[in-house]
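The residues making up each chain are set out below.
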Amino acid sequence: MSSKPVVLIAEELSPATVDALGPDFEIRHCNGADRAELLPAIVDVDAILVRSATKVDAEAIAAAKQLKVVARAGVGLDNVDVSAATKAGVMVVNAPTSNIVTAAELACGLLVATARHIPQANTALKNGEWKRSKYTGVELSEKVLGVVGLGRIGVLVAQRMSAFGMKIVAYDPYVQPARAAQMGVKLLTLDELLEVSDFITVHLPKTPETLGLIGDEALHKVKPSVRIVNAARGGIVDEEALASALKEGRVAGAGLDVYAKEPCTDSPLFQFDQVVCTPHLGASTDEAQEKAGIAVARSVRLALAGELVPDAVNVQGGVIAEDVRPGLPLAEKLGRIFTALSGEVAARLDVEVYGEITQHDVKVLELSALKGVFEDVVDETVSYVNAPLFAQERGVEVRLTTSSESPEHRNVVTVRGTLANGEEVAVSGTLAGPKHLQKIVAIGEHDVDLALADHMVVLRYEDRPGVVGAVGKILGEAGLNIAGMQVSRQDAGGEALVVLTVDDTIPQSVLSEIAEEIGATSARSVNLTD
């Protein structure tokens, strides 16, 4: 039996994908489109890599008892049940930028092909027919192109087709008119776009709102000379309605790369000579496949290492700013220290972030702290996906507080929890200097200033002379070297706190001896090694 994590590649991917995974994994292969082959193959794998033919639904996720990550080497996730994966604590990743250029270029190609009847003329000529007049087309120059969906691919299509001299209009309720104007695009309502466009190209995600958006009602509002391209997602353009519009002469032509049900080898649209069809080739270039494979392979490596994956679609936090990224391991360690100090799961957990870092989205620091809190609590592997689920299952209320004000430090992160008995436990940390040295700066009401270490001890006791010497003597007799020490007190003779960093884990027997010798009210060891 291999001790390496198992990665199942369920569809044909670029050889660069395996190279990017590296030697740290056992690589298996199966035909993910064959259900009978997929379900037994997925039972004991840690990750599965798919394209669009493999259905990773609730049944497959339930069968995969060890599954930690589903990676889709492409943009869409129509074939992955993200909700079921999230409930199971399985991370879902894709390659959101891998094929945007490739998809945009295919849409442009379909536009040109429908305007000039290129595939039909090619077929006729190869069949020995010279029919120049039959395949007379139309120019793109000065025509109005309606872009439905001005996202990344829609923008690329608009830019490329404007070079043909086309006038670009667009419908996208989530884009501001000023932003569209900067790109030389005029925003219209959908009805206005349908009425004025000579060509319409669709670039929307498939959602309940967009399904059938270009349907029978819409196709009664277009020019009879319009040509419609859908290289986005099948079903956004209603295929039956489009077939009726073509048959009745209400639409002049169409270019399709996607279909409501795939694979699609039989459609009423195929009977029309003025329809150009391709078998979902939007991402099918060598460059796009290599980019997608490498991107998801890197994500799988990060996911199986328990680290945050920027391309994960079911993890809170979004894109991580460069200034925020160094704080992730600090927040996670603070979470682990909190658990070690509290000795139980908090009823309420507050993650507080103060300082100039809050000009960025710091939601991910809450997630990182939560991961640390449960790292030493549960037997399962804690990930950025299932950490919130562990909190939810245990009834832990989690809140994030931010403020740009941080009087004593440039930035500071605090993990503060209220225990079941009402006691509050808190630990604060910061990053110091250009090397981002991780430091503890407070435990509860006690200020400290000590670099984080793998092995630490936190002691609370009544302030009096001789305590530090007694602690040092016991540790020395046990052969344990003190690397650093910080003593903090608010009032002479009141409660004092000492934080020690040591070179090795302190055995419980030694810790108990220290606690008894100094009359400690609390003695906790912290071990941050894996």
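Residues numbered from 1 in each chain as written. Predicted model: local features only at pLDDT ≥ 70, side-chain atom pairs only at ≥ 80, totals over all residues. Heavy atoms only, no water.

J.: So what's going on with the sheet that holds strand S10 (residues 227-230)? Which residues, and what values?
T.: Judged by pairing direction, the sheet is parallel, and its 7 strands sit side by side in the order S8-S7-S6-S9-S10-S11-S12 without closing on themselves. Since the sheet does not close on itself, it has two edges, and those belong to strand S8 (186-187) and strand S12 (275-277), each with one partner. Relative to S10, strand S9 (residues 199-202) runs parallel, the two sharing 4 bridges. Looking at S10, one finds that Phe 199 is bridged to Arg 227. Packed on one face of the sheet, helix H5 (residues 100-116) meets strand S6 (144-148), S9, S10, strand S11 (253-256) and S12 and runs near 155 degrees to S10. (Pairing = 2+ DSSP bridges. Helix = DSSP H or I, 4+ residues; strand = E, 2+ residues; numbered from the N terminus. Contact = heavy atoms within 4.5 Å. Axes fitted to C-alpha atoms, helices over the stretch in contact; angles between N-to-C directions.)

J.: Any details on helix H12 (residues 286-304)? Residues and values, ideally.
T.: Under the 1.5 Å per step criterion, the end-to-end length of H12 is 27 Å for 19 residues, consistent within 8% with the ideal 27 Å. Of the surrounding secondary structure, the elements contacted by the buried residues of H12 are strand S1 (6-9), helix H1 (15-21), strand S3 (47-50), strand S4 (69-72), strand S5 (91-94) and H5. Backbone geometry just downstream of H12 places Gly 306 in the positive-phi region, at approximately 75 degrees. (Expected span 1.5 Å × (residues − 1).)

J.: I'd like a rundown of a nonpolar patch on the surface, residues and numbers included.
T.: Nonpolar side chains collect at one region of the surface, where Val 468, Met 485 and Val 487 lie side by side and expose about 200 Å² of accessible area between them. Mapped onto the elements of the fold, Met 485 is located in strand S20 (residues 482-489). (Patch = residues over 30% accessible without salt bridge, like charges linked within 9 Å, V, L, I, M, F, W, Y side chains within 5 Å. Areas by Shrake-Rupley, 256 points an atom, 1.4 Å probe, with all protein chains shown as cover. Salt bridge = Lys/Arg side-chain N within 4 Å of Asp/Glu carboxyl O.)

J.: Outline the environment of Asn 314, listing residues and values.
T.: Mapped onto the elements of the fold, Asn 314 is located in the loop between H12 and helix H13 (327-342). Overall, Asn 314 belongs to the buried group, its relative accessible area being 13%. Placed 71 residues apart in sequence, Asn 314 and Val 385 show a C-alpha to C-alpha distance of 6.8 Å. (Buried < 20%, exposed > 50% of the residue type's maximum accessible area, 1.4 Å probe, protein only.)

J.: Mind laying out the nonpolar core, listing which residues take part and the relevant values?
T.: Within the largest apolar cluster, 69 residues are counted, with the highest numbers of intra-cluster contacts made by Met 91, Ile 337, Phe 338 and Leu 365. Contact partners of Leu 365, with chain neighbours within four places excluded, come to Val 324, Gly 327, Leu 328, Ala 331, Val 351, Val 353, Ile 357 and Val 413. Core analysis: the second largest hydrophobic core is formed by 31 residues, Val 169, Ala 241, Tyr 259 and Phe 272 among them. (Core = buried A, V, L, I, M, F, W, Y, C linked by side-chain atoms within 4.5 Å.)

J.: Outline the sheet that holds strand S21 (residues 495-502), supporting the account with residue identities and numerical values.
T.: With antiparallel pairing, the 4 strands of this open sheet are ordered in space as S20-S21-S19-S22. Edge positions in the open sheet fall to S20 and strand S22 (522-527), since each of these has one partner strand only. Taken over all neighbouring pairs, the strand axes of this sheet differ in orientation by 15 degrees on average, direction set aside. Bridge analysis of strand S19 (residues 455-462) against S22 gives 6 bridges, and the strand direction is antiparallel. Bridging from a neighbouring strand, His 455 pairs with Asn 527 of S22.

J.: Just give me the short version of the packing of H5 against helix H7 (residues 152-162), but keep the residues and values in it.
T.: H7 packs onto H5 with a crossing angle of 50 degrees between their chain directions and a minimal axis gap of 9 Å. Taken together, H5 and H7 sit at an angle that is classed as oblique. The handedness of the crossing between H5 and H7 comes out as right-handed. Along its contact with H5, which presents Ile 100, Val 101, Ala 103, Ala 104, Glu 105, Ala 107, Cys 108 and Leu 111, the element H7 presents Arg 152, Ile 153, Leu 156, Val 157, Arg 160 and Met 161. Here the contact of H5 with H7 is built from residues that sort into 11 nonpolar, no polar and 3 charged. (Parallel < 35°, antiparallel > 145°, perpendicular 65-115°, else oblique. Left-handed = near helix turned anticlockwise from the far one by under 90°. Nonpolar A, V, L, I, M, F, W, Y, C, P; charged D, E, K, R; others polar.)

All quantities given are derived from atomic positions and should not be read as evidence of function.
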